[in-house]
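# Chains, contacts and geometry: an overview
What follows is the residue order along each chain.
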Amino acid sequence: MTRIITLLFLCFAAVAACTPSSTTTIGADGRPLPTVYKIRGNPEKLQFRMLDSVNALRQASGLQPVQLNSQLNAAAATHSKDMARQNRPWHFGSDGSSPIDRAARVGYFGTFLGEAISETFETETETLAAWMQEPGPRSVILDPKATQMGFAWHQESGGKIWWTLEMGTGG
């Protein structure tokens with residue numbers, strides 16, 4: 001009898017291990033709430049994935065590829081952290097700085113072309129897809145004059161991600 005009970009217990013444990021443990025939470029609007037995307041690992045990998053995605057979109061539009069620029073990356077990182085501190089996605093810093101001001105502060109001597117920002121729980125590729133649906137960010141990403149790109153983010157402990165993409169020309 002003990003063998004049968006033990007065998008049944010092991011069978012139930014095995015079946016329970018196969019059942020998905022996460023459940024979808026429904027929001028007030030009746031739609032599933034987003035799952036938290038946790039950024040882990042090497043940040044440069046994520047930057048290069050975004051660069052590859054942006055360049056694929058630019059190539060499909062007949063435009064030249066862009067390259068990552070360390071100064072634009074620094075300006076993007078500063079702004080992502082500042083947006084999180086302010087708890088609002090907008091193009092001006094808490095000190096009143098513009099995207100051009102932030103690029104100049106980090107030593108970027110090229111021509112600053114534009115900025116795309118987002119506050120989300122989504123991945124970088126989902127964020128890029130959302131940017132491409134909006135005329136402003138789309139025109140920044142597909143600016144024919146662009147030769148350089150900066151990309152960074154800040155993720156809060158609760159999972160919210162503040163994304164910033166900068167575009168410029170060489171200088």
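Residues numbered from 1 in each chain as written. Predicted model: local features only at pLDDT ≥ 70, side-chain atom pairs only at ≥ 80, totals over all residues. Heavy atoms only, no water.

### Points about the overall build of the protein chain
For clarity, the threshold we go by: Counting from the N terminus, the helices are DSSP H or I runs at least four residues long and the strands are E runs at least two residues long. Burial classification: accessible surface area is computed with a 1.4 Å probe over protein chains only, and a residue below 20% of its type maximum counts as buried, one above 50% as exposed, and the rest as partly exposed. Contacts are residue-level and defined by heavy atoms, with any inter-residue pair within 4.5 Å sufficient. Under the convention used here, a 1.4 Å probe and the Shrake-Rupley method define accessible areas, while residue burial counts only the protein chains that appear.
Each helix and strand in the protein chain was counted, giving 6 helices and 4 strands. By the burial criterion, 39% of the 171 residues in the protein chain qualify as buried. For the protein chain, restricting intrachain contacts to residue pairs at least 6 apart in sequence, the fraction spanning at least 24 positions comes to 67%. Of the roughly 10,200 Å² of accessible surface on the protein chain, 58% is carried by carbon and sulfur atoms.

### As for the sheet that holds strand β3 (residues 148-155)
What counts, and what does not: Strands are labelled as partners when DSSP assigns at least two bridges between them. Fitting a line to C-alpha atoms yields each axis, with helices limited to the stretch in contact; the angle taken between N-to-C directions then spans 0 to 180 degrees.
Read across the open sheet, the 4 strands follow the order β1-β3-β4-β2; overall the sheet is mixed. Looking at strand neighbours, the two that pair on one side only are β1 (67-68) and β2 (112-120), the edges of this open sheet. Across the sheet, helix α2 (residues 43-60) touches β1, β3 and β4 (161-168), and the angle it forms with β3 is around 130 degrees. Across the sheet, helix α3 (residues 70-86) lies against β1, β2, β3 and β4, angled at about 30 degrees from β3, the strand it touches most.

### A look at the nonpolar core
Rules: In plain words, nonpolar cores are sets of buried Ala, Val, Leu, Ile, Met, Phe, Trp, Tyr and Cys residues tied together by side-chain atoms within 4.5 Å.
Of all hydrophobic cores here, the largest spans 21 residues; its most connected members are V54, W131, M149, F151 and L165. At the level of elements, α2, α5 (124-132), α6 (135-141), β3 and β4 are the ones that each hand at least two residues to this core. Sequence-distant contacts of M149, defined by excluding residues within four places in its chain, comprise M50, L51, V54, V66, Q67, L68, N69, L72, N73, L165, E166 and M167.

### What to know about the pattern of salt bridges
Filter applied, for reference: Definition used for salt bridges: Asp or Glu carboxyl oxygen within 4 Å of a side-chain nitrogen of Lys or Arg.
Tallied over the entire structure, the rule returns 6 salt bridges. Salt-bridge contacts for D95 lead to R105; the nearest nitrogen and oxygen are separated by 2.8 Å. Within this pair, whereas D95 is found in the loop between α3 and α4 (99-105), its partner R105 is found in helix α4, the two being separated by 10 residues in sequence. A relative accessible area of 55% means that R105 is categorised as exposed.

### Quick look at the packing of aromatic side chains
Formally: Only centres within 6.5 Å qualify two rings of Phe, Tyr or Trp (six-membered ring in Trp) as a pair; their planes then separate them into stacked at under 30 degrees, edge-to-face at over 60, and tilted for everything else.
Scanning the model with the defined rule gives 4 aromatic pairs in all. Summarising the aromatic geometry, the rings of W153 and W163 are spaced 6.0 Å apart at their centres and angled 55 degrees between planes, so their arrangement reads as tilted. Taken as a pair, W153 in strand β3 and W163 in strand β4 lie far apart in primary sequence, 10 residues in all. Taken individually, W153 and W163 each receive the classification buried, so the pair is uniform in this respect.

### A short note on the environment of S98
You can see S98 is positioned in the loop between α3 and α4. Along the sequence, S98 and H79 sit 19 residues apart, while their C-alpha atoms lie 9.8 Å from each other. In this structure, S98 is in contact with H91 and F92, ignoring residues within four places of it in sequence.

### Examining the packing of α2 against α5
As a reminder of what qualifies: Helix crossings get a hand from a simple test, with the near helix turned counterclockwise from the far one by less than a right angle marking a left-handed crossing and a clockwise turn marking a right-handed one. Each residue is assigned to one class: nonpolar for Ala, Val, Leu, Ile, Met, Phe, Trp, Tyr, Cys and Pro, charged for Asp, Glu, Lys and Arg, and polar for all the others, Gly among them.
Where α2 contacts α5, the two axes come as close as 10 Å, and the packing angle between them is 35 degrees. Viewed along their axes, α2 and α5 form a crossing whose handedness is right-handed. Across the interface between the two elements, L46, R49, M50, S53, V54 and L57 of α2 pack against E124, T125, L128, W131 and M132 of α5. Residue classes in the contact of α2 with α5 are distributed as 7 nonpolar, 2 polar and 2 charged.

### As for the confidence of the model for the protein chain
As a reminder of what qualifies: You can read pLDDT as the predictor saying how much it trusts each residue, on a scale of 0 to 100.
Taken over all residues, the pLDDT of the protein chain has a mean of 84, while the share at 70 or more is 80%. For the stretch residues 5-22, pLDDT sits under 50, and the model shows 0 contacts to residues farther than four places along the chain or on other chains.

### Digging into the pairing of β3
Across the 8 residues that make up β3, a large majority, 7, are buried. When β1 meets β3, the two strands line up parallel, connected through 2 bridges. When the bridges of β3 are listed, Q67 appears paired with Q148. In this antiparallel pair of consecutive strands, β3 and β4, the connection spans 5 residues, and G159 shows a positive phi of 110 degrees.

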